[in-house]
Amino acid sequence: MIDMSSVIVDIKNLQREFKVGNEVVRALDDVSFSINAGEFITIMGSSGSGKTTLLNILGCLDKPTGGEYLLDGTQVSKLSKTELARLRNQKLGFVFQSYNLLARTSAIENIELPLLYNARFSARERREKAMAALAAVKLTDRMNHLPNQLSGGQQQRVAIARALVNDPVMILADEATGNLDSRTSYEIMMLIQELNNDQGKTIVFVTHEPDIAAFSKRTITLRDGRILKDHINRDVQNAKDVLKNLSPITAPSNIAT
Amino acid sequence: MKMANLLRIAWRAINRNRMRTFLTMLGIIIGVAAVIAMTAIGQGSKQSIQKQISGMGSNMITIRPNSNVTGGVRMDNTSVQSLTEQDITALQKQPEYIDAISPSVTSRGQVINGPYNWATSMQGVFPEYLAIRGWPLLDGVSFTSQDIKSAAKVCLLGQTVLNNLFPNGEDALGKIIRFKNIPFKIIGVLSKKGENTFGQDQDDVILAPVNTVQKRVLATTYYQNIFVSAIDENATDKAAAEIQQVLRTSHRLAKGTDNDFTVRTQAELINTFSATSQILTILLTVIAGISLLVGGIGIMNIMYVSVTERTKEIGLRMSIGARGIDILLQFLIEAILISITGGVLGAGLGIVATRLVTFFIHWPTLVTEYSVIISFLVCFITGVFFGYYPALKASRLDPIEALHYE
Ligand SMILES: Nc1ncnc2c1ncn2[C@@H]1O[C@H](COP(=O)(O)OP(=O)(O)OP(=O)(O)O)[C@@H](O)[C@H]1O
Ligand SMILES: [Mg+2]
């Protein structure tokens, strides 16, 4: 079902420099790799190694100061701001550490939001797609809940649904489990694994926790803006199994199945 | 990006903070209500003045001699002797825009009916005077042009004179009264006219044939005024021009010299009197306009606060594909929605306030369409103008910085 050979991301000699006063900070220095459809990649590295900078460039929020970035056949470095916005709207999905849901706005309306910026969808199509995305994160019964009526894990699932709703070619997550306890983190990872395995979603997930990285199929490790290691994970952990083995005493057990 | 979606986004955003939205609107609400109420009061008083003046005969034109300086002696205009029978004849010859003409001379004096007497004025006119003034008889008949020629001693009584000479309500028709000791036969009674704009009692008058008053009462051959009615209200200016021309010829005035008479239309009179209420209207509107401006600055202030407060939201919207223009339009539409909604509420409040003013203190008021339309336009412009800079600021945010804003 998934064509593993189709390249979604191709990065060559990527550079990102920041000028701070007279000094030049090299956040990314000569980074090259490619991502195929259906991959689940984690990006690791110590603080300040350039993970977020890389993810921002992958997500078309930021432009490299050197090198090439080909996203789904499009040469990104030549695009205008408006064209970048369109790419983000139609080809990418973001999940943030702090969820970033609109306050006082129901789960379903939060999920619909990306589709509002695309004239192609009618109100009915928006609602249908948002409902499907909500079902994918197993929160159908919470569709009208406001963010402050949801737990952190549930809010993050709404955020994941929002990232899914536009059928992106790639979902980008920056420390998406950073604010959650380990049980809830594993639940989120279980969801991510499902999206990757069952729906073939391509996922790039920034983390600095090795146990989170263990759920992915490939890990790229950065140090000082360079790729230190890029390896295929031979022993991918299954989040569902890990959750089962967690001590039942600490399990509040409201996990979605 | 569909406009409907932008409207939906903006509507949801202002709905998320209803209390603040309402407080922001308050300035606009009060401003618009003030504009509408103030202009309604101004327009109302202007209209009531107009009504009173046109009650004097709406297409009436008044000609009076100019008080000019003769031989170093400034004469008052009753003794100025520039309007004569010749002028009447000249005007009658060229009645293109002129409907009716009547000269007028007035004499003040005591009028006596047996034991009753009353100080009043007798006005000598043509029978056409009644038509010019729009003043029907209540009883009896008017005098005729034959009465004019023969300087007949007949008269028409105004209501006030009638009430003072016949306090017991006897029939006055056919009775003889004495004005400055000259006997006059009452042949008609005028209907009630009421007070004029200056508060004078217009019914305190006796009308008689002009020749009678000239020859028998005043012993003069001049007229103090000439009243003319134009063929219709729209022709008054043309009629006035016609009169000027005819009188200049008739008075043999050389080119470049001043008129020795003045022609005044009702419209000019109305303008003179509306000018005061116009100034009032302008003043009130300026005050109201300032409150709108303050309301607009309130919107701008809140929009700036809102942009700063919602920086993270803006970053998120950008990350999911909102373009700069989408963010700009969203905030602009929010500002416009706030100001327009404020405008609607303000218009309602203004109209209610106007009604209350009329109801409780009986001031005449008139809510004009244009004040409502202008208020809406001003609201829209206020929204665009004061919403633009905050919106522009929002649209220029960098998505990454905005997302990480705390
Ligand atoms: N806007 C910026 N201006 C200047 N320097 C920056 C900017 N953004 C990032 N940097 C620098 O680039 C380097 C990489 O930062 P980055 O945020 O990508 O690190 P990270 O790997 O995400 O770290 P963490 O794990 O703490 O989130 C750091 O040295 C940082 O100081
Ligand atoms: Mg980071």
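Cut-off values and rules
Residues numbered from 1 in each chain as written. Chains lettered and ligands numbered in written order. Predicted model: local features only at pLDDT ≥ 70, side-chain atom pairs only at ≥ 80, totals over all residues. Heavy atoms only, no water. Helix = DSSP H or I, 4+ residues; strand = E, 2+ residues; numbered from the N terminus. Rg over C-alpha atoms; globule rule 2.2 N^0.38 Å. Buried < 20%, exposed > 50% of the residue type's maximum accessible area, 1.4 Å probe, protein only. Contact = heavy atoms within 4.5 Å. Areas by Shrake-Rupley, 256 points an atom, 1.4 Å probe, with all protein chains shown as cover. Lys, Arg positive; Asp, Glu negative; His and termini not counted. Charge placed at Lys NZ, Arg CZ, Asp CG, Glu CD. Pairing = 2+ DSSP bridges. Axes fitted to C-alpha atoms, helices over the stretch in contact; angles between N-to-C directions. Salt bridge = Lys/Arg side-chain N within 4 Å of Asp/Glu carboxyl O. Polar contact = N/O pair within 3.5 Å; in protein donor to acceptor, adjacent residues only side chain to side chain. Nonpolar A, V, L, I, M, F, W, Y, C, P; charged D, E, K, R; others polar. Patch = residues over 30% accessible without salt bridge, like charges linked within 9 Å, V, L, I, M, F, W, Y side chains within 5 Å. Near = heavy atom within 4 Å. Expected span 1.5 Å × (residues − 1). Arc of directions from axis to C-beta. Parallel < 35°, antiparallel > 145°, perpendicular 65-115°, else oblique. Left-handed = near helix turned anticlockwise from the far one by under 90°. Core = buried A, V, L, I, M, F, W, Y, C linked by side-chain atoms within 4.5 Å.

## Things to note about the overall build of chain A
Thought 1: Counting secondary structure elements, chain A contains 8 helices and 10 strands.
Thought 2: At 18 Å, chain A has a C-alpha radius of gyration in line with the 18 Å of a compact globule built from 257 residues.
Thought 3: Based on the C-alpha atoms only, the size of chain A along its principal axes is roughly 50 × 45 × 45 Å.
Thought 4: The burial tally for chain A puts 53% of its 257 residues in the buried class.
Thought 5: Contacts spanning at least 24 positions in sequence make up 71% of the contacts within chain A whose residues lie at least 6 apart.
Thought 6: In the structure as shown, chain A presents an accessible area of about 11,600 Å², 48% of it carried by carbon and sulfur atoms.
Thought 7: Charge centroids of chain A, computed over 31 positive and 29 negative side chains, lie 3 Å from each other.

## Re unusual backbone geometry
Thought 1: At Glu175(A), a position not held by glycine, the phi torsion is positive, near 50°.
Thought 2: We note that His362(B) has phi near 60°; this positive angle belongs to a residue other than glycine.
Thought 3: A relative accessible area of 63% means that His362(B) is categorised as exposed.

## A few points about the sheet that holds strand S6 (residues 92-95) of chain A
Residue and element names in this part refer to chain A.
Thought 1: With respect to topology, 6 strands assemble into an open sheet ordered S6-S7-S8-S3-S9-S10, the strand pairing being mixed. At either margin of the open sheet sits one strand with a lone partner, and together these are S6 and strand S10 (226-232). Neighbour-to-neighbour, the strand axes of the sheet open up by a mean angle of 15°, direction not taken into account.
Thought 2: In this sheet, strand S8 (residues 203-206) lies alongside strand S7 (residues 170-174) in parallel orientation, the contact comprising 4 bridges. Along S8, the bridge assignment pairs Leu172 with Val204.
Thought 3: Each of strand S3 (40-45) and S8 touches helix H6 (residues 182-198); the most contacted strand, S8, lies at about 155° to it.

## What about the interface of chain B and chain A?
Thought 1: Counting residues at the interface gives 24 residues for chain B and 29 residues for chain A.
Thought 2: Across the contact surface, chain B and chain A share 2 salt bridges.
Thought 3: Across the pair Glu109(A) and Arg12(B) runs a salt bridge whose closest N-O atoms are separated by 3.7 Å.
Thought 4: Summed over the shared surface of chain B and chain A, the number is 7 residue pairs in polar contact (both at pLDDT 80 or more).
Thought 5: Taken together, the elements giving at least two residues each to the side of chain B that touches chain A come down to helix H1 (3-15), helix H10 (311-319), helix H11 (324-361) and helix H13 (399-403) of chain B.
Thought 6: Ranked by residues supplied to the side of chain B that touches chain A, first place goes to H10(B) with 6 residues.
Thought 7: Looking at the side of chain B that touches chain A residue by residue, the class counts come to 9 nonpolar, 6 polar and 9 charged.

## Concerning a nonpolar patch on the surface
Thought 1: A cluster of nonpolar side chains, Val352(B), Leu356(B), Phe359(B), Phe360(B), Ile361(B) and Trp363(B), forms an exposed patch at the surface whose accessible area comes to about 670 Å².
Thought 2: By the element assignment, Leu356(B) lies in helix H11.

## Quick word on the site of ligand 1
All names here are of chain A.
Thought 1: Lining the immediate environment of ligand 1, one finds 13 residues, of which Ser47, Gly48, Lys51, Thr52 and Thr53 sit closest.
Thought 2: Contact between ligand 1 and Lys51: an oxygen atom at 2.7 Å from a side-chain N or O atom of the residue.
Thought 3: Considered on its own, ligand 1 offers 630 Å² of accessible surface; in the complex 62% of this is hidden by protein.
Thought 4: A total of 3 residues in the shell around ligand 1 trace back to one element, the largest contributor, which is helix H1 (residues 51-58).

## Section: the sheet that holds strand S4 (residues 66-71) of chain A
Residues and elements named next belong to chain A.
Thought 1: The 4 strands are arranged S2-S1-S4-S5 in an open sheet whose pairing can be described as antiparallel. Of all strands in the sheet, those with a lone pairing partner are strand S2 (23-36) and strand S5 (74-75), marking the two edges.
Thought 2: Two strands pair when backbone bridges link them, and S4 and S5 are joined in this way by 2 bridges, in the antiparallel orientation. Bridge pairing in S5 places Leu70 opposite Gln75.

## Looking at the pattern of salt bridges
Between side chains of opposite charge, a pair can form when the charged atoms approach closely.
Thought 1: Within this structure, the stated rule accounts for 23 salt bridges over all chains.
Thought 2: Across the salt bridge formed by Arg16(A) and Asp62(A), the nearest N and O atoms sit 2.9 Å from each other. Taken together, the positions of Arg16(A) in strand S1 (residues 7-20) and Asp62(A) in the loop between H1 and S4 put the pair 46 residues apart, joining distant regions of the chain.
Thought 3: Judged by relative accessible area, Asp62(A) falls into the buried class, the value being 12%.
Thought 4: Among the salt bridges present, the one from Glu39(A) reaches Arg218(A), with a minimum N-O distance of 3.0 Å. With Glu39(A) in the loop between S2 and S3 and Arg218(A) in strand S9 (residues 218-223), this residue pair connects regions lying 179 residues apart in the sequence.
Thought 5: Within this structure, Arg16(B), Arg310(B), Glu313(B), Arg317(B) and Glu334(B) form a network of salt bridges that share partners.

## Quick look at the pairing of strand S11 (residues 225-230) of chain B
Residue and element names in this part refer to chain B.
Thought 1: Buried residues dominate S11, accounting for 6 of its 6 residues.
Thought 2: Alternating residues of S11 divide into Asn225, Phe227 and Ser229 and Ile226, Val228 and Ala230, and every residue in both groups is buried.
Thought 3: Note: strand S1 (residues 60-65) against S11, 4 bridges, orientation antiparallel. Across the sheet, residue Ile61 finds its bridge partner in S11, namely Val228.
Thought 4: Two strands pair when backbone bridges link them, and strand S4 (residues 98-113) and S11 are joined in this way by 6 bridges, in the antiparallel orientation.

## Some thoughts on H1(B)
Residue and element names in this part refer to chain B.
Thought 1: Its 13 residues place the ends of H1 18 Å apart at the C-alpha level, agreeing with the 18 Å of an ideal helix rising 1.5 Å per residue.
Thought 2: Inspection of H1 places Asn5, Leu6, Ile9, Ala10, Ala13 and Ile14 among the buried residues, and these make up the whole buried set. In a view along the axis of H1, the buried residues occupy a sector of 165°, so they form one face of it.

## Observations regarding the environment of Leu156(B)
Residue and element names in this part refer to chain B.
Thought 1: When you line up the elements, Leu156 lands in strand S7 (residues 154-157).
Thought 2: The sequence separation of Leu156 and Ser82 amounts to 74 residues, and the corresponding C-alpha distance is 27 Å.
Thought 3: Residues in contact with Leu156, not counting those within four places in the same chain, are Leu130, Leu137, Val141, Ser142, Phe143, Ile187, Gly188, Leu190, Val205, Ile206 and Leu207.

## Comments concerning the packing of helix H3 (residues 85-93) of chain B against helix H8 (residues 236-250) of chain B
Residues and elements named next belong to chain B.
Thought 1: Interaxial distance between H3 and H8 falls to 10 Å at its minimum, and their mutual angle equals 135°. As far as their axial angle goes, H8 and H3 are oblique. Taken as a pair, H3 and H8 cross one another with a handedness that is right-handed. In this structure, H3 uses Asp87, Ala90 and Leu91 to contact H8, whose residues at the interface are Ile243, Val246, Leu247 and Ser250.
Thought 2: In terms of residue class, the contact of H3 with H8 is built from 5 nonpolar, 1 polar and 1 charged.

## Let's talk about the nonpolar core
Thought 1: Core analysis: the largest hydrophobic core is formed by 71 residues, its most contacted members being Val9(A), Leu54(A), Tyr69(A), Leu71(A) and Met170(A).
Thought 2: Ignoring anything within four residues of it in the chain, the contact list for Leu71(A) reads Ile8(A), Val9(A), Cys60(A), Val76(A), Leu87(A), Leu92(A), Val169(A) and Met170(A).
Thought 3: Within the second largest apolar cluster, 59 residues are counted, among which are Ile61(B), Ala90(B), Phe166(B) and Val213(B).

## Concerning the side chain of Asp29(A)
All names here are of chain A.
Thought 1: Here Asp29 is to be found in strand S2.
Thought 2: A distance of 3.5 Å separates the side chain of Asp29 from the side chain of Gln15, its partner in a polar contact.
Thought 3: In contact with Asp29, not counting residues within four places along its chain, are Leu14, Gln15, Gly225 and Arg226.

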